[in-house]
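Coordinate inspection notes
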Amino acid sequence: FRSNSRPILRITNFPANFNHELESLRMRDRSKIITAQVKVKKTREYMGWLKTATYTCSRCQEKVIIQQRLGRNRESPLRCRPCFNEILKHMKNETDMADFFHFPWSFDFDQELCTYQDIQYLEVEQKSQSKNAQFSMTSLVREEMVGLFHEGDVLNVAAIVKVDHMPKRNFEKDTRRILYLD
């Protein structure tokens with residue numbers, strides 16, 4: 001039995017020391033919970049992302065589930081645990097061990113057994129208290145919050161500061177990162 005319902009906890013009434021100006025956030029603030037009053041500057045289209053990928057071993061039909069990361073390459077299994085244990089039982093010497101590393105592991109990606117999550121990126125802005133300027137940042141909303149917000153909406157957000165890759169990066173191993181609100 002697979003249920004689509006899950007509890008969603010929301011924390012409200014944060015003390016004042018959680019309130020931040022977006023322009024003051026730095027990499028050292030990653031993983032912190034913050035609150036901020038922001039205005040929605042731009043909404044992007046809704047999309048889904050692969051949250052858990054399910055694979056089936058071609059040899060023994062074992063299901064392998066791998067947690068995925070948002071905005072990263074899909075991760076695949078390296079080996080099937082039951083097949084791995086079976087091969088280890090039959091190994092007799094170091095030559096067998098060398099053959100083991102060349103064993104052709106084969107998995108089928110099972111799209112229907114994977115879990116997906118709806119997301120939407122918002123660009124939010126906040127008027128700077130110290131300068132006469134607007135400071136903007138990307139924010140990510142998930143599941144039931146997708147599609148609720150429109151350009152011009154003023155929101156009191158409680159979010160976790162997270163790190164993401166640069167948008168429009170031109171190579172896979174780019175080490176530059178940006179902050180966003182999740």
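What this report covers is the structure whose coordinates are included nearby. (Residues numbered from 1 in each chain as written. Predicted model: local features only at pLDDT ≥ 70, side-chain atom pairs only at ≥ 80, totals over all residues. Heavy atoms only, no water.)

Now for the environment of E62. Summarising the element assignment, E62 is placed in the loop between β1 (33–57) and β2 (63–67). Linking E62 and C80, residues 18 residues apart in sequence, is a C-alpha distance of 7.3 Å. In contact with E62, not counting residues within four places along its chain, are Y55, T56, C57, C80 and P82. (Helix = DSSP H or I, 4+ residues; strand = E, 2+ residues; numbered from the N terminus. Contact = heavy atoms within 4.5 Å.)

Our focus in this paragraph is the packing of aromatic side chains. For the structure on display, the rule yields 1 aromatic pair. For the cation-ring pair, R74 lies above F109, with the distance from its terminal atom to the ring centre recorded as 4.0 Å. (Phe/Tyr/Trp six-rings, centres within 6.5 Å; stacked < 30°, edge-to-face > 60°. Lys NZ or Arg CZ within 6 Å of the ring centre and 35° of its normal.)

Tracing the backbone shows T43 in strand β1. Residues in contact with T43, not counting those within four places in the same chain, are Q120, Y121, L122, F149, H150 and E151.

Moving on to the side chain of T52. In this fold, T52 is placed in strand β1. Within the structure, the side chain of T52 is placed 2.3 Å from the side chain of T115, a separation counted as a polar contact. When near neighbours in sequence (up to four residues on either side) are disregarded, T52 contacts I65, I66, Q67, Q68, C114 and T115. (Polar contact = N/O pair within 3.5 Å; in protein donor to acceptor, adjacent residues only side chain to side chain.)

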